[in-house]
Amino acid sequence: MSEEIDPRSTHPREGFPPQEQSQPGLTGKTSPEPDHGESSYQGAGRLRGRRALITGGDSGIGRAVAIAFAREGADVAIAHLPEEQADADDTVGTIREAGRTGLSLAGDLRDPEFAASIVSRTVDEFGGLDLLVLNAAYQKDRDGLENLTDDEFDRVFRTNLYSMIYTTRAALSLLEPGASIIVSSSIQAFQPSPGLIDYAMTKAAQVAFVKALAEDLGPRGIRINAIAPGPIWTPLIPATGWDAERLATFGQDTPLGRAGQPAELAGAYVYLASDAATYVSGAVLPVTGGKPL
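Residues numbered from 1 in each chain as written. Predicted model: local features only at pLDDT ≥ 70, side-chain atom pairs only at ≥ 80, totals over all residues. Heavy atoms only, no water.

Considerations on the packing of helix α1 (residues 60-71) against helix α7 (residues 263-273)
For step 1, the next point in the chain: At a minimum axis distance of 8 Å, the contact between α1 and α7 shows a crossing angle of 55°. By the angle class used here, α1 and α7 are oblique. The two elements α1 and α7 cross, and the hand of that crossing is right-handed. Only A263, L265, A266, Y269, V270 and A273 of α7 make contact with α1, whose side of the interface consists of I61, A64, V65, A68 and F69.
For step 2, the next point in the chain: By residue class, the composition of the contact of α1 with α7 is 11 nonpolar, no polar and no charged. (Axes fitted to C-alpha atoms, helices over the stretch in contact; angles between N-to-C directions. Helix = DSSP H or I, 4+ residues; strand = E, 2+ residues; numbered from the N terminus. Parallel < 35°, antiparallel > 145°, perpendicular 65-115°, else oblique. Left-handed = near helix turned anticlockwise from the far one by under 90°. Contact = heavy atoms within 4.5 Å. Nonpolar A, V, L, I, M, F, W, Y, C, P; charged D, E, K, R; others polar.)

Written out as structure tokens, the structure is:
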């Protein structure tokens, strides 16, 4: 009999120490470092020969997905901010260790030209595009709506929504039947926190985007789905601006009693990208530690 894994204790249950980072958060400054599956994820060839583009693929959930996709047989391009180059280099190194081609694309996705160019640059490098993961995001703790500045509101919407439109719009004419688009939404789309009101608004809009586009793209044989993570320990968390108490209790209000790690989402993305999900489109898959959507 195989040994069963208790999901309550797969990763540490205790909270996280006080820490703060400026945006964007970096892996090396995050304590403890998130588990992206570097030592644990084992592929089975489920994405052999596929060509993937992941926004925000340098760290956190994006890195975990990049590692999993590569170990499943895909070539992987990642888009990231220039200041995240060190994290991106580490991710691309792990992709190449899996025997696949890795591509780093540095720039700001709020720029329409850059957000569109990452598609053509991926196609030029890989010869096509089969998997598009729209994962890049920005969030910041808000001390009341009256203190939310126009610049910050604009940054959240341009990072989380506008860039997604720019990149998808550039990709649609290049995607063939069988292609898969996956959006990183959030439990915040369904259970919005007051301190993340603008972030939650974008995540709810992403769900509408997925459901509407699934109807549009289905007749073309292209699937689109979303994943809604719960509290996941990534560099974005210490860069959100939460105090020591919030970090010490992060994720402990889930039924499993702990925060998740990026590696624990990788399998969900692989499933939606693979032929195991050929009849799944327009869905929102929760990975929340038991919290209901």
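What about the side chain of T202?
For step 1, the next point in the chain: You can see T202 is positioned in helix α5 (residues 197-217).
For step 2, the next point in the chain: A polar atom in the side chain of T202 sits 3.1 Å from the side chain of N160.
For step 3, the next point in the chain: Apart from residues no more than four positions distant in its own chain, T202 is found in contact with V156, F157, N160 and L161. (Polar contact = N/O pair within 3.5 Å; in protein donor to acceptor, adjacent residues only side chain to side chain.)

Regarding the sheet that holds strand β4 (residues 131-134)
For step 1, the next point in the chain: Sheet architecture is open: 7 strands sit in the order β3-β2-β1-β4-β5-β6-β7, paired in parallel fashion. The open sheet is flanked by β3 (102-106) and β7 (284-287), the only strands paired with a single partner. If you compare each strand with its neighbour and ignore which way they point, the axes differ by 15° on average.
For step 2, the next point in the chain: With 5 bridges connecting them, strand β2 (residues 75-80) and β3 associate as parallel partners. Residue pairing in the sheet places A79 in a bridge with L105 of β3.
For step 3, the next point in the chain: With respect to the sheet, helix α3 (residues 112-126) is in contact with β1 (51-55), β2 and β3, its orientation differing from that of β3 by roughly 160°. (Pairing = 2+ DSSP bridges.)

So, a nonpolar patch on the surface
For step 1, the next point in the chain: Taken together, the side chains of L145, F153, I197 and M201 define a hydrophobic patch exposed on the protein surface, amounting to about 350 Å² of accessible area.
For step 2, the next point in the chain: Counting through the fold element by element, I197 comes out in helix α5.
For step 3, the next point in the chain: Residue class for I197 comes out partly exposed when judged on its relative accessible area of 32%. (Patch = residues over 30% accessible without salt bridge, like charges linked within 9 Å, V, L, I, M, F, W, Y side chains within 5 Å. Areas by Shrake-Rupley, 256 points an atom, 1.4 Å probe, with all protein chains shown as cover. Salt bridge = Lys/Arg side-chain N within 4 Å of Asp/Glu carboxyl O. Buried < 20%, exposed > 50% of the residue type's maximum accessible area, 1.4 Å probe, protein only.)

Some remarks on the packing of aromatic side chains
For step 1, the next point in the chain: In the structure shown here, the tally under the stated rule is 6 aromatic pairs.
For step 2, the next point in the chain: Geometrically, the ring pair formed by Y162 and Y166 is edge-to-face, given 6.3 Å between the ring centres and 85° between the ring planes. With Y162 and Y166 both in helix α4 (residues 150-171) and 4 residues apart, this pair spans about one turn of that helix.
For step 3, the next point in the chain: What makes Y162 partly exposed here is its relative accessible area of 35%.
For step 4, the next point in the chain: Taken together, the ring pairs in this structure connect F16, W233, W242 and F250 into an aromatic cluster.
For step 5, the next point in the chain: Directly above the ring of Y138 sits R155, whose terminal nitrogen or CZ lies 4.0 Å from the centroid. (Phe/Tyr/Trp six-rings, centres within 6.5 Å; stacked < 30°, edge-to-face > 60°. Lys NZ or Arg CZ within 6 Å of the ring centre and 35° of its normal.)

A short note on the side chain of R63
For step 1, the next point in the chain: Relative to the elements of secondary structure, R63 occurs in helix α1.
For step 2, the next point in the chain: Residues contacting R63, with those up to four places away along its chain left out, are T27, H36, E38, G56, G57, D58, D87, D90 and T91.

Notes on the packing of α1 against helix α2 (residues 85-97)
The description of two helices packed together rests on the angle between their axes and the distance between the axes.
For step 1, the next point in the chain: Viewed as axis vectors pointing N to C, α1 and α2 meet at an angle of 20°, and their least axial separation amounts to 9 Å. As summarised for this structure, α1 and α2 are arranged roughly parallel, according to the angle between their axes. As for how α1 packs across α2, the hand of that crossing is right-handed. Where α1 approaches α2, its residues R63, A66, I67, A70 and R71 are matched on the opposing element by D87, D90, T91, T94 and I95.
For step 2, the next point in the chain: Grouping the constituent residues of the contact of α1 with α2 by class yields 4 nonpolar, 2 polar and 4 charged.

Some details on a negative patch on the surface
For step 1, the next point in the chain: On the surface, a cluster of negative charge is made up of D141, D143, E146, D243 and E245.
For step 2, the next point in the chain: With respect to the helices and strands, the residue D243 is situated in the loop between β6 (223-229) and α6 (244-248). (Lys, Arg positive; Asp, Glu negative; His and termini not counted. Charge placed at Lys NZ, Arg CZ, Asp CG, Glu CD.)

Structural notes on the layout of surface pockets
For step 1, the next point in the chain: Its boundaries defined by the atoms lining it, the second largest pocket holds a volume of some 340 Å³.
For step 2, the next point in the chain: When its residues are assigned to classes, the lining of the second largest pocket shows 8 nonpolar, 9 polar and 3 charged. (1 Å grid on protein atoms, 1.4 Å probe; cavity = no way out; pocket = protein on both sides within 12 Å on 5 of 7 lines; lining within 4 Å. Points joined across faces, edges and corners; volume = space filled by probe spheres on them.)

A word on the pattern of salt bridges
For step 1, the next point in the chain: Applying the stated criterion to the full structure yields 13 salt bridges.
For step 2, the next point in the chain: When the shortest N-O distance is used, the salt bridge between D6 and R8 registers 2.6 Å.
For step 3, the next point in the chain: Owing to a relative accessible area of 45%, R8 belongs among the partly exposed residues under this scheme.
For step 4, the next point in the chain: Its salt-bridge partner being E38, residue R63 comes within 3.7 Å of it at the nearest N-O pair. Of the two residues, R63 is situated in helix α1 and E38 in the segment before β1; the sequence distance between them amounts to 25 residues.
For step 5, the next point in the chain: The exposure class assigned to E38 is partly exposed, which follows from its relative accessible area of 31%.
For step 6, the next point in the chain: Through salt bridges with shared partners, one network takes in E38, R63 and D87.

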